[in-house]
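# Chains, contacts and geometry: an overview
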Amino acid sequence: MNTIRLKFRKKGLSIYYSQLDLQRVMARALKKSGLPVWYSQGFNPHIYMTFTLPLSLGHESLCESFDFLLEEDLTEQQILEAMEGTLPDGIILTAA
C-alpha cells in the first residue's frame, strides 16, 4: 500500500464546504475516479483518508491536502488524470 498526498485549492463557492462536506466530496471523487483505493476492513467499509487541519468556513485556500492509501503503485500523472473531472467547481488539484 502506498500513501498518497493530494494537494488542492478551494475557490469560488467551494469555500462554503464544511470539513465534513469536504470529506464526503473527496470520498465521492475517489470512488468515481476508479483508483484502487484501500478501504477499511469493518462492517461498513470506507475509504481511509486523513485531512490536515480544517480552515474556517468561507476562507479561500491555495494549498490544502489530504492523504489516502492506494493498493497499487501509480504515478502522479495517472492519479491526477483519474481524478480529473470528478471534483466540483472550485476545487482544483495541484499535485499528488
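Refer to the preceding data block for the structure.
Let me sum up the structure you'll find in this document.

About the thresholds
Residues numbered from 1 in each chain as written. Predicted model: local features only at pLDDT ≥ 70, side-chain atom pairs only at ≥ 80, totals over all residues. Heavy atoms only, no water. Core = buried A, V, L, I, M, F, W, Y, C linked by side-chain atoms within 4.5 Å. Buried < 20%, exposed > 50% of the residue type's maximum accessible area, 1.4 Å probe, protein only. Helix = DSSP H or I, 4+ residues; strand = E, 2+ residues; numbered from the N terminus. Contact = heavy atoms within 4.5 Å. Phe/Tyr/Trp six-rings, centres within 6.5 Å; stacked < 30°, edge-to-face > 60°. Polar contact = N/O pair within 3.5 Å; in protein donor to acceptor, adjacent residues only side chain to side chain. Salt bridge = Lys/Arg side-chain N within 4 Å of Asp/Glu carboxyl O. Expected span 1.5 Å × (residues − 1). Pairing = 2+ DSSP bridges. Axes fitted to C-alpha atoms, helices over the stretch in contact; angles between N-to-C directions.

Bringing the nonpolar core into the picture now. Generally speaking, a soluble globular protein has its nonpolar side chains buried in company with each other. The biggest cluster of nonpolar side chains holds 19 residues, and the ones touching the most others in it are M26, L30, F66 and F68. Mapped onto this core, the elements with two or more residues apiece are β1 (2-10), α1 (19-33), β3 (61-70) and α2 (76-83). For this core, the element with the most residues is α1, which contributes five residues. Once residues lying within four places of it in the same chain are set aside, the contact partners of F68 are N2, T3, I4, L6, L30, V37, Y48 and M49.

The geometry of an aromatic ring pair comes down to the distance between the two centres and the angle between the two planes. Within the structure shown, the criterion is met by four aromatic pairs. Where W38 meets Y48, the ring centres are 6.1 Å apart and the plane angle is 75°; that geometry is what we call edge-to-face. Here W38 is found in the loop between α1 and β2 (49-51), whereas its partner Y48 is found in the loop between α1 and β2, with ten residues between them in sequence. Under the relative-accessibility criterion, Y48 is labelled partly exposed at 42%.

Our focus in this paragraph is the side chain of S14. Structurally, the position occupied by S14 is in the loop between β1 and α1. A relative accessible area of 1% places S14 in the buried class. Here G90 takes part through its backbone oxygen, which lies 3.1 Å from a polar atom of the side chain of S14.

Glancing now at the pattern of salt bridges. Side chains carrying opposite charge are able to pair once their charged atoms draw close together. Summed over all chains, the structure comprises three salt bridges. A salt bridge links R5 to D67, with the shortest nitrogen-to-oxygen separation between them at 2.8 Å. Residue R5 is found in strand β1, and its partner D67 is found in strand β3; the two are separated by 62 residues along the sequence. A relative accessible area of 45% means that R5 is categorised as partly exposed. Its relative accessible area of 16% is what places D67 among the buried residues. Here R24 makes a salt bridge to D21, at a shortest N to O gap of 2.8 Å. Separated by three residues within a single helix, R24 and D21 lie in helix α1, roughly one turn from each other.

On to α1. Over its 15 residues, α1 extends 21 Å from the first C-alpha to the last, a length consistent with the 21 Å expected when each residue adds 1.5 Å. As for α1, its buried residues are in contact with β1, β2, β3, α2 and β4 (91-95).

A word on the sheet that holds β3. Spatially, four strands are ordered β2-β3-β1-β4 in an open sheet, and the strand pairing comes out antiparallel. Edge positions in the sheet fall to β2 and β4, since each of these pairs with one other strand and no more. Taken over all neighbouring pairs, the strand axes of this sheet differ in orientation by 30° on average, direction set aside. Contacts from α1 reach β1, β2, β3 and β4, with the element oriented near 140° to β2.

Keep in mind that these numbers describe shape and distance, not what the molecule does.
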